[in-house]
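Coordinate analysis (summary)
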Amino acid sequence: MADLGDDRRQHLAFIQDVITRMNSNSFSLKGLMITIVAALGALTVNDDNRDTAVFNLAIALLLVLIFWFLDAYYLKMERQYRLLYEAAVKDKAELYKMKADDYYVCYFEVLFSKTMWPLYLFMAVVLIVALFII
């Protein structure tokens, strides 16, 4: 491998740090979503008032959808920075350029990617079924 200059190595490290941060944000969102939905589910199970239970489940469903869209946004940005990283490795990106908007990643492909839809769709379906059972 050709010797990369210190500036290029530092640029690649900066990009890698952003990729790591986006991945960490995505992982944190999943954990937070599961925690909140579980808490709302526990409140629903212990509540004898049907209206309150339906409200809790509806809020949980709305939160699942919000977290799904937000998580997809972070994954989209991560993929854009991966493309920027690849371009920087091939010396096709301007040195210290950190703007990844020039690299197109389809938001809807990310939203329904195999790493996204199973978890969020499962959570949404469980909540919808629970709404119909109550």
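Residues numbered from 1 in each chain as written. Predicted model: local features only at pLDDT ≥ 70, side-chain atom pairs only at ≥ 80, totals over all residues. Heavy atoms only, no water.

**With respect to the packing of aromatic side chains**
Aromatic ring pairs are described here by two measures, namely the spacing of the ring centres and the angle between the planes. Put simply, the test is: The pairing test for Phe, Tyr and Trp rings, Trp by its six-membered ring, is centres within 6.5 Å, and the orientation test on the planes gives stacked under 30 degrees, edge-to-face over 60, and tilted for anything in between. Under the scheme used here, helices are H or I runs from DSSP no shorter than 4 residues and strands are E runs no shorter than 2 residues, and both carry numbers assigned from the N terminus. Burial classification: accessible surface area is computed with a 1.4 Å probe over protein chains only, and a residue below 20% of its type maximum counts as buried, one above 50% as exposed, and the rest as partly exposed.
All chains considered together, the criterion is met by six aromatic pairs. Note on Trp-68 and Phe-112: the rings are 5.7 Å apart at their centroids and 75° apart in plane angle, and the pair reads as edge-to-face. Of this pair, Trp-68 sits in helix α2 (residues 50–89) while Phe-112 is found in the loop between α3 (107–111) and α4 (117–133), placing the two residues 44 residues apart along the sequence. For Trp-68, a relative accessible area of 7% puts it in the buried group. Taking 6.5 Å as the distance between ring centres and 15° as the angle between the ring planes, the aromatic pair formed by Phe-69 and Tyr-107 counts as stacked. Of the two residues, Phe-69 is situated in helix α2 and Tyr-107 in helix α3; the sequence distance between them amounts to 38 residues.

**Some thoughts on the layout of surface pockets**
Formally: Points on a 1 Å grid, built from protein atoms alone, make a cavity when a 1.4 Å probe fits but cannot get out and make a pocket when they are open with protein on both sides within 12 Å along at least 5 of 7 lines; residues with an atom within 4 Å of a point are the lining residues. Grid points are joined across faces, edges and corners, and a volume is the space filled by probe spheres set on the points. In this classification, Asp, Glu, Lys and Arg are treated as charged, Ala, Val, Leu, Ile, Met, Phe, Trp, Tyr, Cys and Pro as nonpolar, and every other residue, Gly included, as polar.
By volume, the largest pocket is sized at about 150 Å³. Residue lining of the largest pocket: Val-37, Ala-38, Gly-41, Thr-44, Val-45, Leu-57, Phe-122, Met-123, Val-126, Leu-127, Ala-130 and Ile-134, and that is the complete set. Of all the secondary structure elements, the ones that give two or more residues to the lining of the largest pocket are α1 (6–45) and α4. Broken down by class, the residue content of the lining of the largest pocket amounts to 10 nonpolar, two polar and no charged.

**Considerations on a nonpolar patch on the surface**
Counted only if it meets this: A patch consists of residues whose relative accessible area exceeds 30% and which take part in no salt bridge; residues with like charges are grouped when within 9 Å of each other, and nonpolar side chains (Val, Leu, Ile, Met, Phe, Trp, Tyr) when within 5 Å. Only the protein chains shown count as covering a residue, and every accessible area follows the Shrake-Rupley method with a 1.4 Å probe. We count a salt bridge whenever a side-chain nitrogen from Lys or Arg sits within 4 Å of a carboxyl oxygen from Asp or Glu.
A contiguous nonpolar patch, built from Phe-108, Phe-112, Trp-117, Leu-121, Val-125, Val-129 and Ile-133 and spanning about 720 Å² of accessible area, is present on the exposed surface. Per-element accounting of the nonpolar patch gives the leading share, five residues, to α4. Mapped onto the secondary structure, Phe-108 falls in helix α3.

**Let's talk about the pattern of salt bridges**
For the structure shown, the criterion picks out five salt bridges. The partner of Arg-9 in a salt bridge is Asp-6, with the nearest N and O atoms 3.2 Å apart. Highlighted residues: Arg-9 and Asp-6, both in helix α1, separated by three residues, approximately one helical turn. Between Glu-78 and Arg-82 there is a salt bridge whose closest N-O contact spans 2.7 Å. With Glu-78 and Arg-82 both in helix α2 and four residues apart, the pair spans about one turn of that helix.

**Overview of the packing of α2 against α4**
The geometry of a pair of packed helices is captured by two quantities: the angle between their axes and the separation between those axes. Quick reminder of the rule: The convention used is that axes are lines fitted to C-alpha atoms, helices contributing only their stretch in contact, and that angles between N-to-C directions extend from 0 to 180 degrees. Every angle not falling under 35 degrees, over 145, or within 65 to 115 is termed oblique; those three ranges are roughly parallel, roughly antiparallel and roughly perpendicular. Throughout, a crossing is termed right-handed when the near helix is turned clockwise from the far one, and left-handed when it is turned anticlockwise from it by less than a right angle. Here a residue-residue contact requires only that any non-hydrogen atoms of the pair lie within 4.5 Å.
Their axes nearest at 9 Å, the elements α2 and α4 cross at an angle of 165°. As far as their axial angle goes, α4 and α2 are roughly antiparallel. Of the two possible hands of crossing, α2 and α4 adopt the one that is left-handed. Counted together, Val-54, Leu-57, Ala-58, Ala-60, Leu-61, Val-64, Phe-67, Trp-68 and Asp-71 of α2 and Trp-117, Tyr-120, Leu-121, Met-123, Ala-124, Leu-127, Ile-128, Ala-130 and Leu-131 of α4 form the full contact between these two elements. Considering only residue class, the contact of α2 with α4 consists of 17 nonpolar, no polar and one charged.

All we've got here are geometric facts, nothing functional implied.
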